[in-house]
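Breakdown of the fold
If you want the building blocks of each chain, they are given just below.
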Protein chains: 2
Amino acid sequence: MAIRYNRRMLSEFQLIERYFHRAPRPAGPVRLGVGDDCALLQIPAGETLAVSTDMLVEGRHFFTGADPHALGHKTLAVNLSDLAAIGARPLGFTLAISLPSADAEWLHAFSTGLLALADLHQIELVGGDTTRGPLNLCVTVLGSVPESAAIRRNGARPGDEIWVSGSLGDAKLALSALLGEISLTGDQLSLASERLHRPTPRNALGLALRGIATAAIDVSDGLLGDLGHILKQSDAGAVIHADELPYGLALSRRDPEQRRALALNGGDDYELCFCAPASRHDAVLDAGRQSHTEVTCIGRLRAEPGVQLLDASGRTLALMNQSFDHFTS
Amino acid sequence: MAIRYNRRMLSEFQLIERYFHRAPRPAGPVRLGVGDDCALLQIPAGETLAVSTDMLVEGRHFFTGADPHALGHKTLAVNLSDLAAIGARPLGFTLAISLPSADAEWLHAFSTGLLALADLHQIELVGGDTTRGPLNLCVTVLGSVPESAAIRRNGARPGDEIWVSGSLGDAKLALSALLGEISLTGDQLSLASERLHRPTPRNALGLALRGIATAAIDVSDGLLGDLGHILKQSDAGAVIHADELPYGLALSRRDPEQRRALALNGGDDYELCFCAPASRHDAVLDAGRQSHTEVTCIGRLRAEPGVQLLDASGRTLALMNQSFDHFTS
């Protein structure tokens, strides 16, 4: 069966050419872009390649009929966020995409959203694959970092402070509203939806934290779950101050318990959760200023395993660790 | 809804851990493998990163119910083939996978097939993503090559000889039989199916052709279509000798016209089609011997655009260029 566009076939090659092909920047790292068997990229001397891949599936990571411009943004944003979390500088990315049909309007909006974020980070789409099938978007992002400067998950130590960038919980608040689980005013919904649909990867902060942060992760599955990976790999526990959590703007109007639950377990925030020695407190604040990113100290690592959540008066609050998992939820 | 395995949940993390996680080789290029925000790889000094991505969709690239061991092999093989075609040495790969359910038997067979080929090429799975959704497999393969040694598509010149590795057409013959378009004996079908389901990426040949081949591509969409990319990018035409085409073993028993059509337009061969100056004829034969790969000279480039197909007596044969395209077929 032929898919037709404007009364003529839109082939795979035309599709790539029309929506995704741009000439490489002359001074950039890309030696050979889209249009050969492989792309070629120059990794800066003395640095290692950092690579991560994320797949977004319709009906699972986004709603059927999702705004394609925002979807283009988010597809790249969630991948850039992984580079941010390890302190790597973005260099380029590949895109593999499975589409039910070659819809020109959808492709135009999707590629515009995707490439706008790529431009903001001065990186290029270096290669890809397009095929027909259920809507599925897979980006592999490429960056570089001197090996010794990479911010891994296993470097935190008891006594380190725990920090979070930006704010938490609004993305999950929007998702809950869109699923009809809660109701929001129009203003609250549009505020929260922006966080769900157009997350901001914290790459400038990730770079500024090189040499300061001892461990980092991006908050995609919920703060407690993601912090849990740092705790496990760094062999530590944590004390978190609930009233220090940076709640999202829409979330701040909800009742305290819901607010806390969404900020701790919400997911889809794409903020950085990171640790740094208490002696580097001011250096972290400077890194936040340099990168124009809010940073908030929310607690401290301890040797004793597990997470303790405290209220403003020092009382322990109950917490449920319900990180999102694609195969158990 | 929870997916259950042996009466307990199999989480995304358990799934990755159980089937895909192995310790990095101590002396390999992988500095940090699965289990952090990014993987870190060391690119050899003086070389550039070569990267390619391919997405395989159920019902499009493979049949529903396809043997998962063979599918694991093929998912990596088609990506390795892209590195072979540019003369890059494989270093590692990422895998993003969308699965309808976490089926233990399927995952075991798939990962075994995938990792067996990875072991053969001494490369590692460095990162990935697993999610629930329609079956979709996306590998991004990473390799390296000195920039000046990369075998691109645009370097061929009129007078260069055209070569093909291995044999052509059996994969498409098997596909036609499986679709019920033609009938084969059991022996022929199993011979041909092996080529369809377990293609051999020609990486050793690709490396041996550095400094010899002027252009190369892997034959995934059909010889004429793929050679067409070299011709377009190298601004040349070609004369091909039909009786020199290396027909697959099963194909060689078909009638001449069908044989020719499948060898020229079949696709899914994952052989290398490459060009080299006639003065390097013996060097190409040596590269084939070194890499234990058959190589066959099938024609020559000319300045005049287009492709001319000749029979043994020098008569021009009709040819139909029907390269496979995911959005027009």
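This one's a predicted model, so the numbers in the text were calculated from it and none came from an experiment.

All names here are of chain A. With 93% of its residues at a pLDDT of 70 or more, chain A shows a mean pLDDT of 90. This model gives residues 1–9 a pLDDT under 50, and the stretch forms 11 contacts once residues within four places in sequence are excluded. Here the predicted complex carries an ipTM of 0.90, next to a pTM of 0.91.

The next subject is the sheet that holds strand 3 (residues 30–32) of chain A. Ordered by their spatial adjacency, six strands build an open sheet running 3(A)-4(A)-5(B)-8(B)-6(B)-7(B), and the pairing between neighbours is mixed. Strands at the two margins of the open sheet, each flanked by one partner only, are strand 3 of chain A together with strand 7 (124–132) of chain B. Direction aside, the axes of adjacent strands within the sheet are offset by 25 degrees on average. Relative to strand 4 (residues 39–41) of chain A, strand 3 of chain A is paired through two bridges, and the arrangement is antiparallel. Of the residues in strand 4 of chain A, the one forming a bridge with Leu32 of chain A is Leu40 of chain A.

Right, let's get into the relation of the copies chain A and chain B. If you rotate chain A by 180 degrees and push it 0.0 Å along the axis, it lands on chain B with an RMSD of 0.0 Å. On the angle and the small slide along the axis, the relation comes out as a two-fold axis. Counting the interface residues of chain A, we find that 100% of their copies in chain B are interface residues as well, pointing to one common contact surface.

All right, on to the packing of helix 2 (residues 68–86) of chain A against helix 3 (residues 104–120) of chain A then. All names here are of chain A. Orientation of helix 2 relative to helix 3, taken along the N-to-C sense of each, is 40 degrees, at an axis distance of 7 Å. Taken as axis vectors, helix 2 and helix 3 run oblique relative to one another. The hand of the helix 2/helix 3 crossing is right-handed. Only Trp106, Ala109, Phe110, Ser111, Thr112, Gly113, Leu114, Leu117 and Ala118 of helix 3 make contact with helix 2, whose side of the interface consists of Pro68, His69, Ala70, Leu71, Gly72, His73, Thr75, Leu76 and Ala77. Here the residues of the contact of helix 2 with helix 3 are counted per class, giving 11 nonpolar, seven polar and no charged.

Take the packing of helix 4 (residues 170–178) of chain B against helix 5 (residues 186–197) of chain B next. Residues and elements named next belong to chain B. One way to put it is that helix 4 packs onto helix 5 with a least axis distance of 7 Å and a crossing angle of 115 degrees. In terms of axis orientation, helix 4 runs roughly perpendicular to helix 5. For the pair helix 4 and helix 5, the crossing hand works out as left-handed. Judged by residue contacts, Asp170, Ala171, Leu173, Ala174, Leu175 and Ala177 of helix 4 engage Leu189, Leu191, Ala192, Ser193, Arg195 and Leu196 from helix 5. When its residues are assigned to classes, the contact of helix 4 with helix 5 shows nine nonpolar, one polar and two charged.

Next up on the list: the environment of Glu244 of chain A. Residues and elements named next belong to chain A. With respect to the element layout, Glu244 can be found in the loop between strand 11 (237–241) and helix 8 (256–265). By C-beta crowding, Glu244 is classed as partly exposed, having 14 other C-beta atoms within 10 Å. Along the chain, Glu244 and Cys297 lie 53 residues apart, while their C-alpha atoms are 7.2 Å from each other. When sequence neighbours within four positions are dropped, the list of residues in contact with Glu244 reads Thr296, Cys297 and Ile298.

Our next topic: the pairing of strand 12 (residues 272–276) of chain A. Residue and element names in this part refer to chain A. Here strand 12 lies mainly inside the structure; five of its five residues are buried. Burial along strand 12 is two-sided: the face carrying Leu272, Phe274 and Ala276 and the face carrying Cys273 and Cys275 are both buried. Direction of pairing for strand 9 (residues 161–165) relative to strand 12: antiparallel, over a ladder of four bridges. Note on strand 12: the bridge partner recorded for Trp163 is Phe274. Bridge count between strand 10 (residues 215–218) and strand 12: four bridges; the pairing is antiparallel. Counted as the bridge partner of Ile217 is Cys273 from strand 12.

As a rule of thumb, soluble globular proteins bury nonpolar side chains together. Among the nonpolar cores identified, the biggest contains 194 residues, and Leu41, Ala216 and Phe274 of chain A together with Leu41, Ala216 and Phe274 of chain B are the most heavily contacted of them. Apart from the residues within four sequence positions on either side, Phe274 of chain B is in contact with Trp163, Leu209, Ala213, Ala215 and Ala216 of chain B.

On to the interface of chain A and chain B, then. Residue-level contacts link 59 residues of chain A with 59 residues of chain B. When residues in the side of chain A that touches chain B are grouped by element, the largest group, nine residues, is from strand 5 (residues 48–57) of chain A. For the side of chain A that touches chain B, the per-class residue count stands at 29 nonpolar, 16 polar and 14 charged. As paired elements, strand 5 of chain A and strand 4 (residues 39–41) of chain B share three bridges and run antiparallel to each other. Bridge assignment links Leu49 of chain A to a residue of strand 4 of chain B, and that residue is Leu41 of chain B.

Turning our attention to helix 5 (residues 186–197) of chain A. Residues and elements named next belong to chain A. Taking 1.5 Å per residue, 12 residues should reach 16 Å; helix 5 reaches 16 Å between its end C-alpha atoms and fits that length. Listed as buried for helix 5 are Ala192, Ser193, Arg195, Leu196 and His197. Next to the buried residues of helix 5 lie helix 2 and helix 4 (170–178).

Residues and elements named next belong to chain A. According to the domain assignment, chain A contains domain 1 (4–148) and domain 2 (151–317). On a C-alpha basis, the centres of domain 1 and domain 2 stand 27 Å from each other. In this complex, domain 1 contributes 18 residues to the contact, which on the side of domain 2 involves 20 residues. Of the residues forming the side of domain 1 that touches domain 2, the biggest block, 12 residues, is contributed by helix 2. Looking at the side of domain 1 that touches domain 2 residue by residue, the class counts come to 10 nonpolar, four polar and four charged.

Thresholds, definitions, all that
- Residues numbered from 1 in each chain as written.
- Chains lettered and ligands numbered in written order.
- Predicted model: local features only at pLDDT ≥ 70, side-chain atom pairs only at ≥ 80, totals over all residues.
- pLDDT = per-residue confidence, 0-100.
- Contact = placed C-beta atoms within 7 Å.
- Pairing = 2+ DSSP bridges.
- Helix = DSSP H or I, 4+ residues; strand = E, 2+ residues; numbered from the N terminus.
- Axes fitted to C-alpha atoms, helices over the stretch in contact; angles between N-to-C directions.
- Least-squares fit on C-alpha atoms with pLDDT ≥ 70 in both.
- Parallel < 35°, antiparallel > 145°, perpendicular 65-115°, else oblique.
- Left-handed = near helix turned anticlockwise from the far one by under 90°.
- Nonpolar A, V, L, I, M, F, W, Y, C, P; charged D, E, K, R; others polar.
- Buried ≥ 20, exposed ≤ 12 C-beta atoms within 10 Å, placed from the backbone.
- Core = buried A, V, L, I, M, F, W, Y, C linked by C-beta atoms within 7 Å.
- Expected span 1.5 Å × (residues − 1).
- Domains from an automatic or database assignment.

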